[in-house]
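# Residue-level structural notes
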Amino acid sequence: MKNRLVNFQYAIIFIFSIFLYSIFFVGFYGSDDLQYASGIRFFAGLNGGEITNIGSLRFPLVLPGAVFAKLGGAVQWAFVSQLLYFLILSFIIYFIIKKNTNVNISTTGAMSCISIPAVSIFSPSLLPDSIISIFILIHALTFEKSINNKFHIFLSGIALGFIYSSKEASMLYIIPWWIYFLIHFSRNGWVEFFLKGSLYASGFTLIFLTDALIQFYATGAVLPRLYGGLDAAQNARAFMERQGYLPIDRLRFALSQLNKGYSFIFLMIIPPILAASTLRKRPVNFQDIRFEIILYSAGIWIFLYNTFGTISFSEYIGVPIQTRYYIPSYIFLLISTIILLSKTFTGSIANTSISISLICLTSMHLFSAIPVAGQIYGASNYRLTAAAVERAKGIDMSPIFFSKDIFARTRYGTMEAVKQWPGNEHFPSDCRYWLLSSDANEISRIKGDQPDAEIAVYPVTSPRSRVAFITQMYGLGPIFPEKVSNLQLMHVNKCKETNSDQERL
């Protein structure tokens, strides 16, 4: 009976994870994900693949994506690896909560964690933040067991290596565990401290060297990601101009990115109160709630670092405040809150109340997140642009040009056979070409400068609603009527011969 219940809970977690991934899946959105996609193409041997920057070399994200892209024959198949990572994250959270509470709370607790808006919205994208959360949780689990087992400290070092490989700066997220390591093992004698420290460093070094070999294979350079990251300082300065220089300004901006931060503030305040209440029970002591306290400290530290931290040692250059950077912090704070709740309020009635509360919290998360499904960064613009390009290729294989604003906004041209529109004073030399523009006056300017050109205009449509967006995304549309976007797909023909099947202006 118990095994049947556990299998049923596995099925719930699996189905709910697939549901969230499907609802919030957006494909490419024309920003950092294109860096990872370029690296995936490179390692999969697909056209358009190159090592463009440090994102192209983060192998925990790029290599699994490249395997699926190679098997599927297209870079879009890389999203299968993100689905697997999301499932892994869901089940790791489930097992952590189950280990520290009970079976019923673990299911509803895991659902509430993965439905956090920041988690559910960003997890289906080619981004490293959820992957970082996975490896930090693995690090937390193995570190907890390393107190009494030397082998697990080696596994913690391996997890740290994967954290570094996923995103270099995220190694700083582990500082709460390092502090406890220093305090706990130094008390047990310096011999044990250095022994376990060596095992920890050995695990990290193993992944670090593997990472270095992959980078060398791809670029021929030694650790290009480390010095390549120095270019990020200029971009961070630009973010600071908008997000603020003073701590209070940065805090306000961070909370505005977290839906005013009400739930986040709640999660920061409640765990210490619960921990104090739990410690008043005898014979409970700090060691009994060590795991959740360190996890809570990590959540607080990650929030503080991403809000007030710097990416430079020589000057203050604030970390660009991005909602997705707080994903690990959100998850850790909620997990520690759930565990401490179950340890503070015991008994079947309390467990049932906690489970019901977590179901309500999950509903609130979905209610908050679903209205913005499909709107991560420039996803809708990118998808609209991609649809226009595919339509153009299906009609005529002439070169494709984007107007400057579209090229800059979608960055679609970084991987596909499109070019930036050279401007009306420099028309393409091609006999025929496509132009995608959002400027309503583009047609008249072309006709004025090239009176002999024949221009065929094709409307570019977009879904009217979020439901229509989802159905279209999975090939079920157009079930719902669509609206004409402000994009114009124009075919310019300067040749003497014409195609009679095109409508001309």
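Since the model is a prediction, treat every value here as computed from it, not as a measurement. (Residues numbered from 1 in each chain as written. Predicted model: local features only at pLDDT ≥ 70, side-chain atom pairs only at ≥ 80, totals over all residues. Heavy atoms only, no water.)

### Details of the overall build of the chain
The helix and strand inventory of the chain stands at 21 helices and five strands. Burial statistics for the chain: of 505 residues in total, 52% are counted as buried. Within the chain, contacts between residues separated by at least 24 positions form 73% of all contacts whose residues are at least 6 apart in sequence. (Helix = DSSP H or I, 4+ residues; strand = E, 2+ residues; numbered from the N terminus. Buried < 20%, exposed > 50% of the residue type's maximum accessible area, 1.4 Å probe, protein only. Contact = heavy atoms within 4.5 Å.)

### Digging into the side chain of His139
Within the secondary structure, His139 is located in helix H7 (residues 129-146). Judged by its relative accessible area of 0%, His139 is buried. For His139, the residues in contact, after removing those within four places along its chain, are Ser156, Ala159, Leu160, Ile163, Ile174, Trp177 and Tyr200.

### What to know about the pattern of salt bridges
The final tally for this structure, using the stated rule, is seven salt bridges. Two residues, Glu192 and Lys196, come together in a salt bridge whose shortest N-O distance is 3.6 Å. Placement of both Glu192 and Lys196 in helix H10 (residues 190-219) is noted, with a separation of four residues, approximately one turn of the helix. Looking at Glu192, the relative accessible area reads 23%, which means it is partly exposed. Its salt-bridge partner being Asp249, residue Arg252 comes within 3.4 Å of it at the nearest N-O pair. Pair noted here: Arg252 and Asp249 are both in helix H13 (residues 247-257), with a separation of three residues, about one helical turn. Of the residues examined, Asp249 reaches a relative accessible area of 28% and is grouped as partly exposed. Counted as one network, the salt bridges with shared partners bring together Asp32, Asp129 and Arg324. (Salt bridge = Lys/Arg side-chain N within 4 Å of Asp/Glu carboxyl O.)

### Points about the packing of H7 against helix H15 (residues 290-308)
Following both chains from N to C, one finds H7 and H15 inclined at 145°, their axes separated by 11 Å at the closest point. Between H7 and H15 lies a crossing whose hand is right-handed. Along its contact with H7, which presents Leu137, Ala140, Leu141 and Glu144, the element H15 presents Arg290, Phe291 and Leu295. Here the contact of H7 with H15 is built from residues that sort into five nonpolar, no polar and two charged. (Axes fitted to C-alpha atoms, helices over the stretch in contact; angles between N-to-C directions. Left-handed = near helix turned anticlockwise from the far one by under 90°. Nonpolar A, V, L, I, M, F, W, Y, C, P; charged D, E, K, R; others polar.)

### Side note on the nonpolar core
Grouped together as the largest cluster of nonpolar side chains are 124 residues, with contacts concentrated most on Ile40, Ile93, Leu126, Leu137, Trp177 and Ile335. When residues of this core are assigned to their parent elements, the largest contribution, ten residues, is made by helix H4 (residues 79-100). Aside from chain neighbours lying at most four places away, what touches Trp177 is Ile136, His139, Ala140, Phe143, Ile294, Leu295 and Ala298. (Core = buried A, V, L, I, M, F, W, Y, C linked by side-chain atoms within 4.5 Å.)

### Section: the confidence of the model for the chain
With 90% of its residues at a pLDDT of at least 70, the chain reaches an overall mean of 84. Considering only residues more than four positions removed or in separate chains, one finds that residues 498-505, a stretch of pLDDT under 50, has 19 contacts. (pLDDT = per-residue confidence, 0-100.)

### So, the packing of helix H5 (residues 103-114) against helix H17 (residues 348-369)
Close contact between H5 and H17 brings their axes to 8 Å; oriented N to C, the two are set at 15°. Taken together, H5 and H17 sit at an angle that is classed as roughly parallel. Along this stretch, H5 crosses H17, giving a crossing that reads as left-handed. From H5, Asn104, Ile105, Thr108, Gly109, Met111 and Ser112 reach across to H17, where they touch Asn351, Ile354, Ser355, Leu358, Ile359, Leu361, Thr362 and His365. Looking at side-chain class alone, the contact of H5 with H17 contains six nonpolar, eight polar and no charged residues. (Parallel < 35°, antiparallel > 145°, perpendicular 65-115°, else oblique.)

### Structural notes on the side chain of Ser125
Mapped onto the fold, Ser125 is located in the loop between helix H6 (117-122) and H7. Of the residues examined, Ser125 reaches a relative accessible area of 0% and is grouped as buried. Ignoring any residue separated from it by four or fewer positions in sequence, one finds Ser125 in contact with Val26, Tyr29, Phe79, Gln82 and Ile376.

### Comments concerning the layout of surface pockets
In this structure, the second largest pocket spans a volume of roughly 1100 Å³. Looking at the second largest pocket, it is lined by 42 residues, and the ones nearest its centre are Ile116, Pro117, Ser263, Tyr330 and His365. Of all elements in the fold, only H6, helix H12 (232-243), H13, helix H14 (262-279), helix H16 (327-344) and H17 reach the threshold of two or more residues within the lining of the second largest pocket. For the lining of the second largest pocket, the element with the highest residue contribution is H17, accounting for eleven residues. (1 Å grid on protein atoms, 1.4 Å probe; cavity = no way out; pocket = protein on both sides within 12 Å on 5 of 7 lines; lining within 4 Å. Points joined across faces, edges and corners; volume = space filled by probe spheres on them.)

### Focus: the environment of Gly39
Here Gly39 lies in helix H2 (residues 33-44). Beyond its immediate chain neighbours, meaning those up to four positions away, Gly39 contacts Glu50, Ile51, Ser56 and Val62.

### Notes on helix H20 (residues 442-449)
Every buried residue of H20 is listed here: Glu442, Ile443 and Ile446. Buried residues in H20, looked at end-on, bunch into an arc of 100°, giving them a common side. (Arc of directions from axis to C-beta.)

### Brief notes about a nonpolar patch on the surface
A contiguous nonpolar surface patch, about 260 Å² in accessible area, is contributed by Ile179, Leu182 and Ile183. Assignment of secondary structure puts Ile179 in helix H9 (residues 175-187). Residue Ile179 is classed as partly exposed on the basis of its relative accessible area of 47%. (Patch = residues over 30% accessible without salt bridge, like charges linked within 9 Å, V, L, I, M, F, W, Y side chains within 5 Å. Areas by Shrake-Rupley, 256 points an atom, 1.4 Å probe, with all protein chains shown as cover.)

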